Amino acid sequence: MNKPSASTASASIPPVIPPSAKKPVGQRIKEFVTDYKRQWEIQSMVLPGIIFMIIFCYIPIYGLTIAFKNYTVIDTLSTAPWVGLDNFRIILSDEYFWDAVVNTLGISFLKLGIGFIIPIILAIMIYELNMGRFKKFVQTISYLPHFLSWIVLGGMLITWFSTSGLFNELLLNLGLISKPSNILLDAGKYWWIATLSDIWKEAGWGTILYLAIMAKIDPTYYEAARIDGAGRLRQIWNITLPNMKAIISLNLILTVSGLLGSNLDQTLVLMNSQNREKAEVINSYVYRMGMTQGDFSYATAVGLGVSIVSVILLLMANKVTSKLNDNQSVL
């Protein structure tokens with residue numbers, strides 16, 4: 001066999017461009033400007049979003065410096081005296097803060113364990129319905145609570161859980177209790193009330209993305225599975241769930257990253273003096289310290305610490321879920 005000549009071999013192998021051969025910065029800027037001028041109508045559409053982000057998201061980051069200062073209402077951000085990490089040392093020795101952390105993690109893990117699965121199951125059940133009008137009716141009913149604010153829902157729950165409310169009447173008629181009581185005043189039941197009421201409000205809305213993904217699954221997959229004798233459950237396990245893997249991973253990442261950010265609106269509406277020990281979460285604690293007690297530096301330090309931990313949780317969740325998606329990140 002004749003060996004290929006050096007010229008033939010070099011022609012078949014694509015040349016490797018050394019880093020030094022990259023285009024000069026000036027040339028790349030010139031090409032960027034040329035491309036922008038050619039697509040200025042489309043490129044300009046993103047400018048309002050960029051300006052909004054700069055004004056309301058990036059410029060306020062400067063305010064985080066008060067976490068390292070002893071800031072009061074008579075100071076400005078520049079005149080407040082620096083105290084270093086003193087605010088963070090106070091946080092570590094604050095038992096009320098750690099009580100709020102325990103409540104936040106308890107409620108968040110209940111929401112993660114129960115509330116994350118229910119939208120998936122509900123979406124599959126809606127997708128499997130064959131009756132068109134009934135399917136739309138179920139979807140509409142499940143979406144409705146999402147559009148009600150926690151002020152409205154909280155008022156409904158406070159009425160239903162009162163001594164003469166719906167739940168006490170129901171339990172009395174079923175013989176499960178002998179004496180009515182205000183359920184929201186029982187601190188031991190608050191975690192479940194917060195979890196189940198949040199699921200009731202958001203489960204239907206959480207099905208939208210899953211239903212959108214399932215609508216794009218090729219129907220021939222199901223036809224082939226039925227020909228092979230696969231039942232409904234086997235089709236869901238082998239076809240539906242694998243096609244939902246990416247969106248399930250994305251929702252899991254977002255949920256895990258928000259574990260420390262329990263719903264502030266829900267807490268402020270349902271919390272009272274009797275259930276505060278189990279209802280106080282980090283966000284309501286930050287709100288109380290900052291807005292009602294005026295300790296802005298301490299509240300900012302707590303918020304900054306929570307944000308850093310949330311970013312770490314986001315990266316960890318992304319790393320774990322990438323294993324489920326062939327080592328490819330969904331972010």
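Chemist: Can you break down the overall build of the protein residue by residue, with the values?
Modeler: When you go through the protein residue by residue, the secondary structure sums to 19 helices and zero strands. For the C-alpha atoms alone, the extent of the protein along its principal axes is close to 100 × 75 × 45 Å. Looking at the protein as a whole, 31% of its 331 residues are labelled buried. If you sum the accessible surface of the protein, you get close to 21400 Å²; carbon and sulfur atoms cover 67% of it. Of the side chains in the protein, 26 bear a positive and 21 a negative charge, and the two mean positions are spaced by 10 Å.

Chemist: A description of the nonpolar core should follow, citing residues and the corresponding values.
Modeler: One finds F116, I120, Y210, L211, M214, M244 and I248 to be the most contacted residues of the largest nonpolar core, which totals 23 residues. Once you skip the residues sitting within four places of it in the chain, Y210 turns out to touch F116, P119, I120, A123, M244, I247, I248 and N251.

Chemist: Quick rundown of the environment of I248? Include the residues and the values.
Modeler: Tracing the chain through its elements places I248 in helix α15 (residues 245-257). Using a relative accessible area of 18% as the deciding quantity, one classes I248 as buried. Remark: the alpha-carbon pair of I248 and V101, spanning 147 residues in sequence, is separated by 27 Å. Those residues within four positions of I248 in sequence are excluded, and the remaining contacts are F116, I120 and Y210.

Chemist: How would you explain the side chain of N103 if you had to name every residue and give the values?
Modeler: Tracing the backbone shows N103 in helix α6 (residues 95-115). Side chain to side chain, N103 and W191 meet in a polar contact 3.5 Å long. Setting aside residues up to four positions removed in sequence, N103 forms contacts with W191, R276, E277, K278, A279, E280 and V281.

Chemist: Describe in detail the pattern of salt bridges, supporting the description with residues and values.
Modeler: Taken as a whole, this structure holds seven salt bridges when the rule is applied. Salt-bridge contacts for R232 lead to E128; the nearest nitrogen and oxygen are separated by 3.0 Å. Of this pair, R232 sits in helix α14 (residues 232-243) while E128 sits in helix α7 (residues 117-128), and the two are 104 residues apart along the sequence. Overall, the relative accessible area of 47% leaves R232 in the partly exposed class. Of the charged contacts in the structure, one is a salt bridge between E280 and R288, with a shortest N-O distance of 2.8 Å. R288 sits in the partly exposed class, given a relative accessible area of 23%. Each of R276, E280 and R288 takes part in one network of salt bridges that share partners.

Chemist: Got a sec to walk through the confidence of the model for the protein? Specific residues and values, please.
Modeler: Of the residues in the protein, 93% have a pLDDT of 70 or more, and the chain-wide mean is 87. Ranking the helices and strands of the protein by mean pLDDT puts helix α4 (residues 47-58) first, with 94, and helix α1 (residues 6-12) last, with 45.

Chemist: Which residues make up the packing of helix α13 (residues 219-227) against α14, and what values go with them?
Modeler: Remark: α13 packs on α14, axes separated minimally by 11 Å, with the N-to-C direction vectors making an angle of 150 degrees. In terms of their interaxial angle, α13 and α14 are classed as roughly antiparallel. Seen from above, α13 lies across α14 with right-handed handedness. Within the contact between the two elements, α13 uses Y221, Y222, A225 and R226 and α14 uses Q235, I239 and T240.

Chemist: So, α6: which residues are in play, and what are the values?
Modeler: For α6, spanning 21 residues, the distance from its first C-alpha to its last is 29 Å, which sits close to the expected 30 Å at 1.5 Å a residue. If you check the start of α6, you find a side-chain oxygen 3.0 Å away from the backbone N of Y96, and it comes from D94.

Chemist: Account for the packing of α7 against α14, with residues named and values stated.
Modeler: Pairs of packed helices are described in terms of their axes, by the angle between the two and the distance that separates them. Across the interface, α7 lies against α14 with an axial gap of 12 Å and an inter-helix angle of 115 degrees. You can see that α7 and α14 cross each other, and the crossing is right-handed. Along its contact with α7, which presents I120, I124 and E128, the element α14 presents R232, I236, T240 and L241. Residues that form the contact of α7 with α14 fall into these classes: four nonpolar, one polar and two charged.

Here is what the cut-offs are and how they apply
- Residues numbered from 1 in each chain as written.
- Predicted model: local features only at pLDDT ≥ 70, side-chain atom pairs only at ≥ 80, totals over all residues.
- Heavy atoms only, no water.
- Helix = DSSP H or I, 4+ residues; strand = E, 2+ residues; numbered from the N terminus.
- Buried < 20%, exposed > 50% of the residue type's maximum accessible area, 1.4 Å probe, protein only.
- Areas by Shrake-Rupley, 256 points an atom, 1.4 Å probe, with all protein chains shown as cover.
- Lys, Arg positive; Asp, Glu negative; His and termini not counted.
- Charge placed at Lys NZ, Arg CZ, Asp CG, Glu CD.
- Core = buried A, V, L, I, M, F, W, Y, C linked by side-chain atoms within 4.5 Å.
- Contact = heavy atoms within 4.5 Å.
- Polar contact = N/O pair within 3.5 Å; in protein donor to acceptor, adjacent residues only side chain to side chain.
- Salt bridge = Lys/Arg side-chain N within 4 Å of Asp/Glu carboxyl O.
- pLDDT = per-residue confidence, 0-100.
- Axes fitted to C-alpha atoms, helices over the stretch in contact; angles between N-to-C directions.
- Parallel < 35°, antiparallel > 145°, perpendicular 65-115°, else oblique.
- Left-handed = near helix turned anticlockwise from the far one by under 90°.
- Expected span 1.5 Å × (residues − 1).
- Nonpolar A, V, L, I, M, F, W, Y, C, P; charged D, E, K, R; others polar.

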